[in-house]
Every structure is written in C-alpha cells, then in structure tokens.
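Descriptive structure summary
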Amino acid sequence: MDMFIPAEYEVVRNPELCIACRVCERQCSNEVHKYDKDLGKMIADSTKCVNCHRCVCLCPTHALKIVKSDDTYRLNSNWSVQTMNEVYRQAGSGGVLLSSMGNPNDYPIYFNKILVNASQVTNPPIDPLREPMETTVYLGKKDVEIKRDIEGKLVDTLPPQLKLTTPIMFSAMSYGSISYNAHESLARAAEELGIFYNTGEGGLHRDFYKYSKNTIVQVASGRFGVHEEYLKAAAAIEIKMGQGAKPGIGGHLPGMKISDEVSATRMIPKGIDAISPAPHHDIYSIEDLRQLIYTLKEATAYTKPVIVKIAAVHNVAAIASGVARSGADIIAIDGFRGGTGAAPTRIRDNVGIPIELALAQVDERLRQEGIRDSVSVVVAGSIHSSADVVKAIALGADACYIGTAALLALGCHLCRSCHTGKCNWGIATQRPDLVKRLNPEIGYKRLVNLVRAWSHEIQEMMGGMGLNSIEALRGNRLMLRGVGLNETELNILGIKHAGA
Amino acid sequence: MVINVDENTHFSILNKKVRESRDAEVTINGCIGQRYIATGLSGKKITINGTPGNALGAYLNGCDVVVNGNAQDATGDTMNGGAIIIHGNAGDATGYAMRGGKIYIKGNTGYRAGIHMKAYRDLKPIIVVGGRAGSFLGEYQAGGIIVVLGQNDDGLPIMNNFCGTGMHGGVMYLRCEKLPHRIPSQISAEVVFGEDIPELVEIVRDYCTYFPEYDSEMLLKANYTVLRPDTKNPYKQMYTDN
C-alpha cells in the first residue's frame, strides 16, 4: 500500500498574469513547475513544493502565490494532520524522521514576554546620535590577579580575548551543511563588521584562511578538518559538546553530500559517511574536557580563547559551572530553538530547554559561585532581533550568536528542507547550479546591513535606559520586567513582573 | 637540547621549552606524567625518558616522538603526521581521530584505540599494537590501518569486546584466527595468512625496525583476521524526510 500524502501547501497561479516564461520551472529544484505543451500553459505539482518561495520571489509578473492547502483529514484536535502524516511516512519507510532548521512548535517564546525599561526625568536617556555609545565587547577570562613589576607597572596577565565591535556573532554552520557562497558571505561580513563567524565542524576552506582573524574554528567529536594550521589560523577555537537543535546526539553527513571540496575541507574521503559521534569518546568528565581544552591551548601557545559550546538542557547551570572550572574562556549555550542542517524531528522538537531560562540560570549560578568573571557567556537559539540581544545581555549574556537570522538575511525562507540538499536559495546545498544563485558580494552586504541595523537599535535601547556602555547592561535584570509570566517563570528568569 | 624534569615541573613550563627550542632534537629526562608534550608540533625529534602524561602528541604534524617508557591516555589525538614510538604500553583512546602518521606500541593499549581514525588523500594513519588491545578497538573507524600482533604474555585474548562498532572505513589486521567477540553486522571478516598481505608485510617489517626484540618473519608467518566494513554508508537507510 503506497499512502498518498496530500500537499501541505498549494501553488496558486493567476492565469491572467502568467506569461509562461518558465522562470519558476528553471528556479525550482524540486521540479514543481512545468510547461505543458498540450495545454499551452504552466502547471504545478504542489505535492513536491516545500514552500521556499523562490518561484514567488522570482516570478516577473507576480503571478504566483503559495497558500496553506485546505485539504484536510477529518478535523481532530488530538491528532493533527502533521502528526498523522508522520505516522504514515514512518509506516512506509521504517526510518527516523529527519527535519531541519529550528524547532517550529508552539512552545513559549520568553523573549516576547519580557519588556525593557527606559529612563524618564531622572537619570535621563542618552541620545546615541550625539553621545558616544559603547557596544564593544571583549570575550574571555577576566578573573586574573593584578600583578605589578618591581617598578610598580602593571604586568599584563590578561588571557587572550576576542574583541567584538557589537555583541553579535554568526553561529557555527559547517561547510557541507551550507554552501561555499554562504560561508564566503559570512566570513566577509564578519571581517567588515569586526565580529566573528564560526566554521562549525566542517573544516576551513583554503580560500577562507584570509578571513582567519574573524574566524572561530570548531573542534567536535568527529574532529573533521582539525589540524595544526587550522587551529593556529583561528581567532578562537570552539569545542562543540552539544547543539541546541539536537542535544545529546551527533550528526551524520551522508556520503552523497561529500563533494570534492567538502571532502578536502573536512579532510575525509569522498562518498564515505562523515559521522560525528554523540559524545567525544575521550570526554567523560569535566577533567577530560579540561584535557581537550589544554591540548588546544598548548597547540596554540595560549594565544587564543577556547569556547565550549553546550546545549541548553535541564541541568545546564551545573554543567556550565563545571565548564567554567574546566579552563574554558567562553561558554556558548545553544537553546532548544537553535537551527540545524539536519536533525531527527523528535529530538529537535522535544529535547532541550528555552535559552532565556537556561541563560538566566547559568548567569545566576556562576555569580553565586563567584566564577562569573572566569568565563564569558554567549547565547544562541533563536535570537530574532536586536531586542532579543538586549534582553539576553540584561539576563546575563556577554554576546549572542545568530544563525537563522543570518540565513534569513541571505535569502532563506525557512522552508526547513535543508536536509534534502536542494536549497533553491543556494544556502543549504552543494549543487553548483544552486550554489551560484547566492552571490556572496550581495550576501555579505545584506549581513552587514542586518548587524549594523541591529547595532543601531541596541544603541537606541541602551540610550533609552540611560546606559552608554553595553557592559553596564550585562546582567542588569532590573532593566527587565515580565508580562504574563507566572511566579516560577519569573523566579527562574530573576525578574519582576511588569508593574512591580 | 636536553630538558631534565621531575614531578614538580608543570607541563606548561616543559612544553614551552620544547615548543620554543630551536634544536631539531630534544630529549626529556625524568618525565613523570607531564601532559600535552609535542602537542601541535612539527619538524622535531623528541625523545622522552620516563612516562609522559595524557594527550602526548595531540595534533602532531610531523615530529618523531620516542617514548622510553609507557604512554598514558589520548596519545596522538587528531594526529596529522609523524611517528610516535612507545617502548612500553599505551593507555586509552590512543590515536583518536588520527588522520596520518603512525603510532607503534611495543606492549598493550587500553580502551577505544583507533577510534574515529580516518584517512585522507595520501594520508593513511597506522596504529600497530605489539600486545593486546582493550574494548572498542577501532570504533567508528573511517579509514587507516590498525594492526594488533598479540605478543602479550598474560594469556588474554588479543582484544576485548565491541571491536569495530560503527566501523565504516579502513581495515584491521588482528593476529588471531578466532573472530573477536560480538563483531557488529556491518563488518566482514576473513582469515588471511600474514605473508600474503603486502600492506601488512610492509607495516610489520617497518614496525620491527623500531623494536628489534620482535622478529618480523615470525610475526608474519601466522593467520590474521582481517576486518573491513561492508558499507561506506551505514546510516543511509535510517532516515525519512519529514
């Protein structure tokens, strides 16, 4: 029995406007559109449509729209159409359901239930258009003993720091999961902005060593592309212990996605599955993590900060405390909404906790233990806007990683089909004909625009609060109030309810 | 350069000296558990008298490291090139994610040796264990060559459990005729006479030049169990697009 699964979205073509130019046909890697000679017009197979909006955006006469299909099974508040279709798919294949990008389900978004303060009358607001407004952040260990030489001059004992002109970085996305042109766009934007992008566990392409001053390289359980030169080139090294989209599991890059260039960058053979095991098989304790951190520090003569990235899970505060004591300079925490190029649906949608709650608890715990200054904290997992950045910093973060927002800037429409490798926007694909659709010259400028715009907004909000330094906002929870949150949620976030 | 250390020498002091030494040859005497020796180094010959600590030669990129003693855990983590010769035993996770070069161990190695070992272009990493190996030998092996010669005199089998779990590339030559306990379904095993495997002959002869106490002819005149994965894509059928 071959179960037909109806299209979730329907391609609607306005026959009055369509000129049968066949742009949609050429643009769709899913082969939805085609010209029917007998009928003398364009037709569409909506069952193949992933709703990436490529055809809609490129249709010269705006003849296309994609609408949610009104075809439905018998309505049921308990069994949704999506859930039923998932059962049909698995009954047909016996496979683990695979999805991409972040958890799309209806869980609370705490950032949207937090409001920011502003000054009135006393402690007046500051106008960023006429006053200096400092958004520069230094990430790294700061709890060092102050030492002076015999002449009384300060001895520089500060461990290496990452200097960011604004508290935003591009999160780890590997070459393999995203395209060469997407990586080039991120690298160039990071350089122009004075921030950092992150290679993910996919190695660093030869062509991008020139951006290494703005590159964070990743070391994960599969150690793909990790070698002496890669470590020495980077501005910082990130050990990936976990990822918000799939805490507790590893990754499989299927052999068919390992092209010549991906193979060369990851330093693995073509066509063989690249497996990142769930754990690092040499890390079973904080002491073992410390060992990996120190191999990286020794390999780079203590010149670069080491970041440890963990997923936000139930005991994240205790884990972060351990990481802070392991010798890490920076902890990156990835919330359950974080994106991915591919993850089992059930893991993505059911494992982990919201970044807002995780961050508040980590910051609180590190302060209680008196070790907050021994690490910087970077958070990720659906930072939607500059307002989220401001709220995250007030909850205790030093900076934020953005992934999904950066991909949106490059044209992503969140169709969540990255795992198919057929991205029509040239982002999550290795097919040369698709990759070339993303022009890095335009892509990097759009990323620069986005981050500059957010930075202006951050300055406006800081000014409104009467703060002229981002450092003065960090962990300043008095600047936040909750709306519609219960007592437990407010306690975890460490903020008062609006009006209180 | 000769560096004398004792139990009071912190690893960072020792490693700085080794790293910054301009001599092509460095000898460390009295080594007692100092970690991370030769991490990320290339172009030196380093002789260690004593017992180096964990993560000896991590990211090694072309040094020759000789240990006159035992090595501890995580030797040669993500090693790219060079040689680590151990005149004793090695601990757990030897050669984790090793991509090139060779690790020759006279005695035994612990758990998870050769885990996630891979090969790349002309790089083909080799681990040879003179004695026996612990459990999880070659787990997730994606390339390279692991040889276990079984010259241990404790009467124990030449490896423990779960050999080759998740293996999807490379090869293992085990000097025994009996299959390891519970080998996973994606691995094929055959028994081949040592001298009939040219790749193995070359490796064992090279190994014996470092360890004259072993006789390559004797080692090769025996049957070897050869383990290879029977698929490059073990997880292909596991997923359903959603």
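Bear in mind the structure is a predicted one, so any value in this text is a computation, not a measurement.

Across its full length, chain A carries 15 helices and 23 strands. For 500 residues, the compact-globule estimate of 2.2 N^0.38 gives 23 Å, and the C-alpha radius of gyration of chain A, at 24 Å, lies within 12% of that figure. C-alpha atoms of chain A, sized along the principal axes, occupy 90 × 60 × 45 Å. Relative to its 500 residues, chain A shows a buried fraction of 57%. For chain A, contacts bridging at least 24 residues in sequence account for 68% of all contacts bridging at least 6. Counting every atom, chain A has about 21,400 Å² of accessible surface; 52% of that belongs to carbon and sulfur. Side-chain charges in chain A split into 55 positive and 53 negative, and the spacing between the mean points of these groups amounts to 3 Å.

The end-to-end C-alpha distance of helix α7 (residues 286–299) of chain A, which contains 14 residues, comes to 20 Å, matching closely the 20 Å that a straight helix rising 1.5 Å per residue would cover. In terms of burial, α7 of chain A is a largely internal element, 10 of the 14 residues being buried. Turning to α7 of chain A, its buried residues are L289, Q291, L292, I293, Y294, T295, L296, K297, E298 and A299 of chain A. Where α7 of chain A is buried, its residues touch β13 (215–219), α5 (228–233), β14 (236–240), β17 (306–311) and α8 (316–325) of chain A together with α1 (11–20) of chain B. Two residues or fewer after α7 of chain A comes A301 of chain A, characterised by a positive phi angle close to 50°.

Residues and elements named next belong to chain A. Orientation of helix α4 (residues 180–193) relative to helix α14 (residues 440–465), taken along the N-to-C sense of each, is 45°, at an axis distance of 8 Å. The angle between α4 and α14 falls in the class oblique. Crossing handedness for the pair α4 and α14: right-handed. On α14, the residues touching N181, E184, S185, L186, R188, A189, E192 and L193 of α4 are P440, E441, G443, Y444, L447, V448, V451 and R452. For the contact of α4 with α14, the per-class residue count stands at eight nonpolar, three polar and five charged.

What follows concerns the domain arrangement of chain A. All names here are of chain A. When its domains are assigned, chain A resolves into domain 1 (9–95) and domain 2 (137–497). A straight line from the C-alpha centre of domain 1 to that of domain 2 covers 35 Å. Regarding the contact of domain 1 and domain 2, the summed buried area is about 1,100 Å², with carbon and sulfur atoms giving 46% of it. Sorting the residues of domain 1 by area buried against domain 2 places S29, C52 and R54 first, and these three jointly supply 49% of that buried surface. Taken together, the connections running from domain 1 to domain 2 amount to one salt bridge. Of the charged contacts in the structure, one is a salt bridge between E86 and R346, with a shortest N-O distance of 2.9 Å.

Turning our eyes to something else, we now look at the interface of chain A and chain B. The partner chain B presents 43 residues to the 48 residues of chain A that form the contact. Overall, the association of chain A and chain B removes approximately 3,900 Å² of surface from exposure, summing both partners, and the carbon and sulfur fraction of that is 53%. Looking at the side of chain A facing chain B, the largest losses of area belong to H281, Q291 and E298 of chain A, adding up to 17% of the total buried there. Inspection of the region where chain A meets chain B yields two salt bridges. A salt bridge links R223 of chain A to D77 of chain B; the nearest nitrogen and oxygen atoms lie 3.0 Å apart. Counting every contact that joins chain A to chain B gives 24 residue pairs in polar contact (both at pLDDT 80 or more).

Moving on, we get to the nonpolar core. Residue and element names in this part refer to chain A. If you look at the biggest cluster of nonpolar residues, it comprises 123 residues, and the most contacted ones within it are F170, I333, I427 and L473. In terms of residues, this core owes the most to one element, α14, which gives nine residues. Among residues more than four places away in sequence, those in contact with L473 are V390, I393, A394, M462, M465, L467 and M479.

Once that is clear, we can look at the packing of aromatic side chains. Any aromatic ring pair is given by two values, namely how distant the centres are and how the planes are angled relative to each other. As enumerated under the stated definition, the model contains 16 aromatic pairs over all chains in all. Ring centres 6.4 Å apart and planes at 70° place the aromatic pair Y175 of chain A and Y180 of chain A in the edge-to-face group. Residue classification places Y175 of chain A among the buried residues on the basis of a relative accessible area of 4%. Y180 of chain A gets classed as partly exposed once you look at its relative accessible area, which sits at 21%. Ring centres of F11 of chain B and Y36 of chain B lie 4.8 Å apart, and the angle between their planes is 80°; on these two criteria the pair is classed as edge-to-face. Placement of the pair is F11 of chain B in helix α1 and Y36 of chain B in the loop between β2 (25–32) and β3 (45–51), with a sequence separation of 25 residues. Judged by its relative accessible area of 2%, Y36 of chain B is buried. Through a chain of ring-to-ring contacts, three or more aromatic side chains come together here, namely Y104, Y207, Y210, F211 and Y214 of chain B.

Conventions we followed
- Residues numbered from 1 in each chain as written.
- Chains lettered and ligands numbered in written order.
- Predicted model: local features only at pLDDT ≥ 70, side-chain atom pairs only at ≥ 80, totals over all residues.
- Heavy atoms only, no water.
- Helix = DSSP H or I, 4+ residues; strand = E, 2+ residues; numbered from the N terminus.
- Rg over C-alpha atoms; globule rule 2.2 N^0.38 Å.
- Buried < 20%, exposed > 50% of the residue type's maximum accessible area, 1.4 Å probe, protein only.
- Contact = heavy atoms within 4.5 Å.
- Areas by Shrake-Rupley, 256 points an atom, 1.4 Å probe, with all protein chains shown as cover.
- Lys, Arg positive; Asp, Glu negative; His and termini not counted.
- Charge placed at Lys NZ, Arg CZ, Asp CG, Glu CD.
- Expected span 1.5 Å × (residues − 1).
- Axes fitted to C-alpha atoms, helices over the stretch in contact; angles between N-to-C directions.
- Parallel < 35°, antiparallel > 145°, perpendicular 65-115°, else oblique.
- Left-handed = near helix turned anticlockwise from the far one by under 90°.
- Nonpolar A, V, L, I, M, F, W, Y, C, P; charged D, E, K, R; others polar.
- Domains from an automatic or database assignment.
- Buried area = accessible area lost by both parts, 1.4 Å probe.
- Salt bridge = Lys/Arg side-chain N within 4 Å of Asp/Glu carboxyl O.
- Polar contact = N/O pair within 3.5 Å; in protein donor to acceptor, adjacent residues only side chain to side chain.
- Core = buried A, V, L, I, M, F, W, Y, C linked by side-chain atoms within 4.5 Å.
- Phe/Tyr/Trp six-rings, centres within 6.5 Å; stacked < 30°, edge-to-face > 60°.

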